[in-house]
Amino acid sequence: MIFNIAWKNFSRQGIRAVLNVVVTALAMIAVVFNISLYNGFQAQTTRNMIRTDVAGGHYQAPGFDILSPTEWEDHSLKVPEVLKNLPPSQKAEALVQQGQLFPNRRLYPVQLRGIDINQTLLDLPLEGLKSYREKVEDIIPAVLGIKMAQKAHLKKGDTAVLKWRDRFGVVDARDLLVVDVVTMVNSRVDGGVLWLRLDHLQDMTQRPDEVSWVAVAEFQGTVQGIEFQTVDELTSDILNLIKNERRYGKIFWVILIFLSGIGVFNTQILNVFKRQKEIGTLMAFGMTSAQVVGLFTLEGSMAALLSVVVALVLGTLLFTWFQSVGLDISHLSESTIPVHENILLDIHPGEVVSTMIIIVCIMVLVSWLPVRKITRLDPTLALRGRAIT
Amino acid sequence: MNSIVAIEKVVKVYRVGSEDFTALHEISLEIEPGAFMSFVGPSGSGKTTLLNLIGGLDQPTSGSIFFKNVKLGELNRTALAEYRRKNLGFVFQTYNLLPVYSVYENILFPLLLDGNKESAVRQSVLDMVASVGLSDQIKKRPSQLSGGQCQRVAIARALVKKPALILADEPTANLDAENSFQILELMRELNKQFKAAFVFSTHDEKVTKYVTREVGLEDGRVCWDKRRNGFGSLE
């Protein structure tokens, strides 16, 4: 009987019930959207780093640190046989050196990154370098990312003077030709980076067969005289940054849940407040406190469950649309965040379920709590509408 | 004891701010089965308080109230709820109809609460709707009815389970003269038909000529208790 009464009460409340359900459903969607966007940001960052730079880890020259440019010259080595024999889809050899570019009479410190042109492990749009011979000639071909090209005011076909030092400390300079300007999804391999053929850079710096690191698809075991850096180690700085962001995201999630809870609480308390006389009347008719509390809690539960259904339907529509457009983060292109393309949601079912459970619990709780308080008071207060003021 | 309700030296004190306010001073009364009586007095005289105490909605500060020799003060909340469900009908000044229910459903509600199946009591509800003259309004909701019609629904709802006692708090206060007259006529008729005792609280002079007993209250004390036999004046 209580179920039938609750359903009748709930289904006939009209706009009040609809608003209650919609507000709660939107709260659920907002919370899930927010946390999934952070997930997407983190997943996309990691993916881009792996795709364009990190792969399954790096075998590095001992002491090499990408964040210490002044020491790059001191840390290179010949590729060990075990790595050299890997197919191009399983390894990417790279030599990293310092250089100075003089575009339009300006001085621009650059990272010279020579990459094995036959490798297919890293997703780098360097086809423009393939047509050149192994031996570097009078003009050094280079590919630039859009960000680098914009900063240096260079475009495809431009030339600029490039200066560098070889392994003996001898400074050399030659013209550099921009053979291509490409889009890099990872800004860390764009800004300040000149992409050269590995054989050219080895030739220029007199480091035949030497590399700074070899990216591999997967760990090949310990190799004598070379250090292995895992994906986590290579991405630790950016992941720490994102983890910090995520921490703020979690705080934001808690705040959103709290605000949603307040919204739901307000709606429910207003609902109960408006129905105080009804509660008093039900008690006057002989409904026990437990029955009245059960009735209102059941109504709240129905609203909560319907909110879940509405949130699933609206959320599916909204998220499907969002996944087709993504969130434009081009404003971050000046940062070192390795994401260039639009951010998509990364929805974790566990987080969706936990968010819904929390909000449903809040809704049931705020249906139960005020009515329980009213039914514990004198019914005459409820009849006069003064049980909660 | 021949009465259905016996009130013995009932005192009710309310806490108002930091001070105590005595709403009822040692009231003693008896209500007979089938009575048609009113508590009369100005606002604050204790009429509604007395009705609430009889209805088990409130507890006296001291003294006792018996319903059919059962002391209400000894019943717990659940037993009091059952007492109200089985024995009482309430009519409120503001009708207190359930807003999302139709006329039919409002009247049906107390019977469902009592554990009846709708199919078993449908005819009783329809008869009750007819007896208050609302058969043509049966599907309407309270918001679609006039004040007089709402009060008729409230009376039908109070009577449908055939309780021994109907407590009506200012049932005509929100009605115009014509509707008040109709409602009082209706209640007197139903009182005769169903033999339920009707107890009103009122400060409406018009009620006086309908009741067979009038208890005057002032400042929480009984000032007079007049009875009438047949259609004579109250004595």
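What this report covers is the structure whose coordinates are included nearby. Position labels on residues start from 1 in each chain and follow its written sequence. As a convention, the first chain written is A and the first ligand written is 1, with the rest following in written order. Given that this is a predicted model, residues contribute local features only at a pLDDT of at least 70 and side-chain atom pairs are listed and counted only at 80 or more, while totals for whole chains, interfaces and linings are drawn from all residues.

### Side note on the overall build of chain B
Now for step 1: The secondary structure content of chain B amounts to six helices and ten strands.
Now for step 2: Relative to its length of 235 residues, chain B is compact, with a C-alpha radius of gyration of 18 Å against a globular reference of 18 Å.
Now for step 3: Based on the C-alpha atoms only, the size of chain B along its principal axes is roughly 50 × 40 × 40 Å.
Now for step 4: Sequence-distant contacts, at least 24 apart, represent 70% of the contacts inside chain B between residues at least 6 apart. Labels follow the DSSP assignment, with helices taken as runs of H or I lasting at least four residues and strands as runs of E lasting at least two, numbered in each case from the N terminus. Only C-alpha atoms enter the radius of gyration, while the globule expectation follows 2.2 Å times N to the 0.38, with N the number of residues. Two residues qualify as a contact pair if the distance between their C-beta atoms, derived from the backbone, is within 7 Å.

### Considering the sheet that holds strand 4 (residues 62-67) of chain B
All names here are of chain B.
Now for step 1: For two strands to be treated as a pair, DSSP must find at least two bridges joining them. One open sheet holds the four strands; their spatial order is 2-1-4-5, and the pairing between them is antiparallel. Edge positions in the sheet fall to strand 2 (19-31) and strand 5 (70-71), since each of these pairs with one other strand and no more.
Now for step 2: Pairing between strand 4 and strand 5: two bridges, direction antiparallel. Across the sheet, residue Phe-67 finds its bridge partner in strand 5, namely Val-70.

### Digging into helix 1 (residues 2-11) of chain A
The periodicity of an α-helix, 3.6 residues per turn, causes residues three or four places apart in sequence to face the same way.
Residue and element names in this part refer to chain A.
Now for step 1: Remark: C-beta atoms are placed from the backbone, and a residue is labelled buried if 20 or more other C-beta atoms sit within 10 Å of its own, exposed if 12 or fewer do, or partly exposed between those counts. The complete set of buried residues in helix 1 reads Ile-5, Asn-9 and Phe-10. Taken around the axis of helix 1, the buried residues stretch over an arc of 125°, which confines them to a single face. Relative to its buried face, helix 1 has exposed residues pointing more than 90 degrees away, namely Phe-3 and Asn-4.
Now for step 2: Contacts made by the buried residues of helix 1 are with helix 2 (15-54) and helix 9 (289-325). Taking the helix axis as origin, the arc is that swept by the directions to the C-beta atoms.

### Looking at the nonpolar core
Soluble globular proteins tend to pack their nonpolar side chains together in the buried interior.
Now for step 1: The term nonpolar core refers to a set of buried Ala, Val, Leu, Ile, Met, Phe, Trp, Tyr and Cys residues connected through C-beta atoms within 7 Å. With 166 residues, the main nonpolar core has A:Ala142, B:Ile107, B:Ile166, B:Phe198 and B:Val199 as its most contacted residues.
Now for step 2: Take this core: its biggest share by element is 13 residues, from helix 2 of chain A.
Now for step 3: Throughout the structure description, domain borders are defined by an automatic or database domain assignment. Looking at which domains feed residues into this core, each of domain 1 (2-51 + 238-383) and domain 2 (58-229) of chain A gives three or more.
Now for step 4: Non-local contacts of B:Ile107, meaning those with residues more than four positions away in its chain, are made with B:Val125, B:Met128, B:Val129, B:Val153, B:Ala156, B:Arg157 and B:Val160.

### Observations regarding the packing of helix 5 (residues 147-159) of chain B against helix 6 (residues 177-194) of chain B
Residues and elements named next belong to chain B.
Now for step 1: Where helix 5 meets helix 6, the closest approach of the two axes is 10 Å, and the angle between their N-to-C directions is 15°. Judged by the inter-axis angle, helix 5 sits roughly parallel to helix 6. Considering the relative orientation of helix 5 and helix 6, their crossing is right-handed. Mapping the contact onto sequence places Gly-147, Gly-148, Gln-151, Arg-152, Ile-155 and Leu-159 in helix 5 and Asn-179, Gln-182, Ile-183, Leu-186, Met-187, Leu-190 and Phe-194 in helix 6. Under this scheme, a helix contributes an axis fitted over its contacting stretch, all axes are lines through C-alpha atoms, and angles between N-to-C directions fall in the 0 to 180 degree range. Relative orientations are named as follows: roughly parallel for angles under 35 degrees, roughly antiparallel for angles over 145 degrees, roughly perpendicular for angles from 65 to 115 degrees, and oblique for any other angle. The handedness criterion is simple: a crossing whose near helix is rotated anticlockwise from the far helix by less than a right angle is left-handed, and one whose near helix is rotated clockwise is right-handed.

### Let's talk about the sheet that holds strand 9 (residues 213-218) of chain B
Across a sheet, strands are paired by hydrogen bonds formed along the backbone, either parallel or antiparallel in direction.
All names here are of chain B.
Now for step 1: Strand order in the open sheet made by the six strands is 6-7-8-3-9-10, with mixed pairing throughout. Two strands lie at the open edges of the sheet, namely strand 6 (88-91) and strand 10 (221-227), each paired on one side alone. Each strand of the sheet is rotated relative to its neighbour by a mean of 15°, with strand direction disregarded.
Now for step 2: Of the strand pairs in this sheet, strand 3 (residues 36-40) and strand 8 (residues 197-202) are connected by five bridges, and their pairing is parallel. Residue pairing for strand 8: Met-37 is matched across the bridge by Val-199.
Now for step 3: Set on the sheet, helix 1 (residues 47-54) makes contact with strand 3, strand 7 (165-169), strand 8 and strand 9; between it and strand 8 the angle comes to about 150°.
Now for step 4: In the packing of helix 5 onto the sheet, contacts are made with strand 6 and strand 7, and the angle to strand 6 comes to roughly 170°.

Purely spatial values, then, with no claim about function.
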